[in-house]
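# Examining the three-dimensional arrangement
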Amino acid sequence: SEEAIRRRLWLRRLRLLQRHVRAGRLLDISTGEGHFLSVGAGAGFEVDGTEFSREGARLCEERGFQVLVTDVESLPSGLPPYDVITLWHVLE
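For the structure given in this document, a descriptive report is provided here. (Residues numbered from 1 in each chain as written. Predicted model: local features only at pLDDT ≥ 70, side-chain atom pairs only at ≥ 80, totals over all residues. Heavy atoms only, no water.)

### Concerning the sheet that holds strand S4 (residues 84-86)
Just so we agree on the cut-off: Any two strands are treated as partners once DSSP identifies two or more bridges connecting them. Per the convention used, a helix needs a DSSP run of H or I reaching at least four residues, while a strand needs a run of E reaching at least two, with both numbered from the N terminus. To get an axis, fit a line to the C-alpha atoms, keeping to the stretch in contact for a helix; angles then go from 0 to 180 degrees between the N-to-C directions.
Read across the open sheet, the four strands follow the order S3-S2-S1-S4; overall the sheet is parallel. Strands at the two margins of the open sheet, each flanked by one partner only, are strand S3 (67-69) and S4. Direction aside, the axes of adjacent strands within the sheet are offset by 20 degrees on average. In terms of strand pairing, strand S2 (residues 46-51) meets S3 through three bridges, oriented parallel. Residue Thr-50 lies in a different strand from S3, and its bridge partner there is Leu-68.

### Quick look at the pairing of strand S1 (residues 25-28)
Under the convention used in this document: We call a crossover right-handed when, viewed with both strands directed away from the observer, the connection leading from the first strand over the helix to the second proceeds clockwise.
The pairing of S1 with S2 spans four bridges and is classified as parallel. By the bridge assignment, Arg-25 is partnered in S2 with Glu-46. Between S1 and its parallel partner S2, the chain crosses via helix H2 (residues 35-42), and the hand of that crossover is right-handed. In terms of strand pairing, S1 meets S4 through three bridges, oriented parallel. From the neighbouring strand, Asp-28 faces S4, where its bridge partner is Thr-86.

The structure is reproduced here in structure tokens:
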């Protein structure tokens, strides 16, 4: 199914990330429905996310994640330090 294919994609990206950072605080910018938050949390990262879309944020909440509803240019000051920040399919 499409869900299984997407999960393999996110797990592959997690393995790429883990070449450099094995654990810590992770911020996923424009997390969408929170798929990468799920695999990151499952690998032991403390995860936070942002999402521009209120619908995407709602879907993240259904997965058990609270996310900031904002775009990357409007991130609030005072966020905690992160060991890694990901932006999958954001800049293009």
